Structure formats: C-alpha cells, structure tokens
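# Topology and contacts: notes
Listed below, chain by chain, are the residues.
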Amino acid sequence: MYLQYPNKKTESQILNTEKATLEIQTGQGAVNKLIQGDNLAVLKSLLEDYDLGGKVDLIYIDPPFATNGHFKIGEERANSISSSKGDEIAYSDVLVGDDFLEFLRERLILLRELMSEKGSIYLHIDYKIGHYVKLIMDEVFGKQNFRNDITRIKCNPKNFYRKAYGNIKDLILFYSKTDSPIWNDPKNPFSDEDVERLFKKVDENGRKYTTIPLHAPGETVNGKMGQKWGSIEPPKGRHWRSKPEILEEWDKQGLIEWSANGVPRKKIFIDEKDGKKMQDIWEFKDPQYPQYPTEKNIDMLKLIISASSNEDSIVLDSFCGSGTTLIAAQELNRSWIGIDKSDHAIKVVKNKLLKFQPSLFSKIKFELIKQVEIQSKIVTGSSIKIQQPKAEFSY
C-alpha cells in the first residue's frame, strides 16, 4: 500500500539527484565529518564521491515535523515555544502535506542506498504526521523490515486547555535494511522492586530465583522437542522449549524445580541476568535548557547507537541539529557523519565538538565541510577559487 500524491517522483529520478560540490574547511583527512549543506545533494555526494554506498550501519534522523512554524535561537535560550524579540530563526519548518512527504521520501531513498546490509534507521517524528511517514518508510524499506514504532515520553504532563488528551509523547520509527541488522539487545537494569516482585524464591545458598515453564505453545510432530523426556511427555498442545537431553542435563545440575504434583520448571537466577528486555515505550525527556531547538536527550541516542551499531560502525545523522547524535557516537567510539544546512546548527555542533575531550590530552578530530553553493565564494580578481574535496572515507 503506497501513498499517492501530486508530483511524486520515481525512484530513478531521485537516485539521479544532482550531487553537491563540497569544500573542506578544516581537519582534512579526519574520519568524522560535519557537513553544512542541503542534505539531499550531500547524501548524493556521499554515495558518489565518498564511496559510502552500503557502508553506513546506523542512521538516526530527527527531521522537521511539518509544523509550518519557525524555530528560534537566542543568546540565552533555544526553544520552539517561548522566544524573545531579538531571537533569530534557527530553522524553518514550513513544508507541509505532499511537499513534506516527498521531501522526506527523497532523502530516505538516498539514505537507504547508504545503509549496509546490517544497517538500521531510526526516524523521530511526531504524532500528527507520523502515520503518513510510516507508509513512506514501508514503501522505501519494505514492510517486512519494520521493527518497532517506539513511543517516546518527551515531557511532563501538560495542562493546556483543548478538547483532547494531553500530548507527552512522540514516536520513533525503527526499520532495518534486511532481516539481519546489528542488534545488541539492550537491557534495563532490574530495580529493587523488580527483584522483590519477580524473584521471590531463595535457594539453599541464598540466591534469589524465579521459575519458568519448560514447554511452549504448539505441538511438534517431528523433532526432539515433541518427544518424551524420560517418562514425561509435553502437555497436550505444547512442546518442550529445549531438547530432552538438555532438560536431563539441567535436572542433574539442579536447575529444574519439581512441584508437589511433579510439574518441572526451569530456575532463573537474578545474579545470572543482566537486566530486563527493553520495551517499546521509552522515557527520555528533552533537555530543559537546550542549546538548539528540538535538541534530544543524549541518553536516548546512546541507547539507539549501542543497540544498533558496533565500534567499527559509521553512524549518520542528516538532520544533525544540535549534534547530540554525533557526541553520543563519539562517546561510544563510533565513526560519524553529521549534516545540517543551518548556520546556527553548525555553530552549536562545532562548539560542542570542540569542548568535548575524549581524554585530557586529546580532542575530537573531524573534517568541517561546506557545500560550495550555499557559502560565500572567495573572489580574487575575476576568478573564483574553489577547493575540491578529498573524496575518501577510511574506517
């Protein structure tokens, strides 16, 4: 099921997008890259000039939300709600409807081409436009590669008067390129309350544990999981979770608990668990005093990067805004690429990167690159001097 709307381009037209002419400003040769320019043209350059097709393991983007509004920044604040008369526009979010959807679809198609076969993309969007965006992502990445619709609690409860429930959440659409993405299975630590509620039993050595069934729904006609374990058959309509020989070994090790009426259950010890599985409702509230409008929680970005990339991965954010993705990637020893068109965004990101010190005697190394078409060209006499980029990305 695809969305149809006027002026929708073919994939071939989008893949033939004109690339950007890029100029390295500082840091030539550094692996990490901060690029100022139109992200559509820059993404095309990353494919053609930097040979990054199929090499990016993780993409996080927080694009405009089709709000038809302006987001301002001042000397003392950066906020989308309250602003002062002297504040300047950090970026404008004025594309709406069909124009917004096609703007996003164009970029998603090029991002897909950059993704590796084990790559993932997380797209952060709001509840008003997110359902339409999901249809676009189904089209670009395939319904079969949809992983999660993650609810993100972004703020405290609101008391604004309107005939609707208060909005405290937005959503993150999580897709992979194939059925084999990087997945490091993030966990939440057990709270004291979790331990008391879930691990109520204590063995002779003082170890807290709980028990789980040894069988699962569904009968297995062929295969060992449907066979007897000793003299016991799996209950009707169910099968053993493990082979009978494994169950026998567990029993010898004292890892199976037998009830008074002879029902076996597997012991699960709290000291052998590294936490509980992360669910699809997250509470990562936005910073109270952001340096840039719509700045996101760095712990949320660290979670995403830890879950869906490895230390040899490239992480890309083509709407990098405040640079939170880049800082999180740097802290987790990933290579990164950030793209934004806004002068204010690039200024904020540069300041963050320059202040960040991985160690006492080192600083982050990155190439600062600009798209020639959006910068002031240096004219000497009648000639224009343009430095071509060193088109390489070693990792």
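These lines cover the structure that appears in this document, whether it is placed above or below. These numbers were taken from a predicted model, which means no experiment stands behind them.

### Details of the packing of helix 3 (residues 97-114) against helix 4 (residues 130-141)
With their axes 10 Å apart at the nearest point, helix 3 and helix 4 run at an angle of 30° to one another. The way helix 3 lies across helix 4 gives a crossing that is right-handed. In this structure, helix 3 contributes F100, L101, L104, R105, L108, I109 and R112 to the contact, and helix 4 contributes Y132, V133, I136, M137, E139, V140 and F141. Classifying every residue of the contact of helix 3 with helix 4 gives eleven nonpolar, no polar and three charged.

### Structural notes on the side chain of H215
With respect to the helices, strands and loops of the structure, H215 is situated in strand 13 (residues 215-217). Among the polar contacts made by the side chain of H215, one reaches the side chain of R238 at a distance of 2.7 Å. Excluding residues that lie within four positions of it along the chain, H215 makes contacts with P235, R238, H239, W240 and R241.

### Considering the pattern of salt bridges
Taken as a whole and assessed by the stated rule, the structure comprises 31 salt bridges. For R152, the salt bridge is made with D170, and the minimal N-O distance between the two is 2.8 Å. Taken as a pair, R152 in strand 8 (residues 146-153) and D170 in strand 9 (residues 169-176) lie far apart in primary sequence, 18 residues in all. Side by side, R152 and D170 carry an identical accessibility label, which is buried. Close ionic contact of D194 with R197 constitutes a salt bridge, the shortest N to O distance being 3.1 Å. Pair noted here: D194 and R197 are both in helix 5 (residues 192-198), with a separation of three residues, about one helical turn. Judged by its relative accessible area of 5%, D194 falls in the buried class. R197 gets classed as partly exposed once you look at its relative accessible area, which sits at 48%. Connected through shared salt-bridge partners, K8, E102, R105 and E139 make up one network.

### A short note on helix 9 (residues 343-355)
In an α-helix, one turn spans 3.6 residues, which is why side chains three or four residues apart end up on the same side. In this model helix 9 runs 18 Å from its N-terminal to its C-terminal C-alpha over 13 residues, within 8% of the 18 Å that 1.5 Å per residue would give. Among all positions in helix 9, only A345, I346, V348, V349, K352 and L353 are buried. Across the axial projection of helix 9, the buried residues extend over an arc of 165°, all falling on one side. Exposed residues pointing more than 90 degrees away from the buried face of helix 9 are listed as D343, K347 and K355. For helix 9, the side-chain oxygen to backbone nitrogen distance between the N-cap and H344 is 3.1 Å, and the N-cap itself is S342.

Definitions and cut-offs
- Residues numbered from 1 in each chain as written.
- Predicted model: local features only at pLDDT ≥ 70, side-chain atom pairs only at ≥ 80, totals over all residues.
- Heavy atoms only, no water.
- Axes fitted to C-alpha atoms, helices over the stretch in contact; angles between N-to-C directions.
- Helix = DSSP H or I, 4+ residues; strand = E, 2+ residues; numbered from the N terminus.
- Left-handed = near helix turned anticlockwise from the far one by under 90°.
- Contact = heavy atoms within 4.5 Å.
- Nonpolar A, V, L, I, M, F, W, Y, C, P; charged D, E, K, R; others polar.
- Polar contact = N/O pair within 3.5 Å; in protein donor to acceptor, adjacent residues only side chain to side chain.
- Salt bridge = Lys/Arg side-chain N within 4 Å of Asp/Glu carboxyl O.
- Buried < 20%, exposed > 50% of the residue type's maximum accessible area, 1.4 Å probe, protein only.
- Expected span 1.5 Å × (residues − 1).
- Arc of directions from axis to C-beta.

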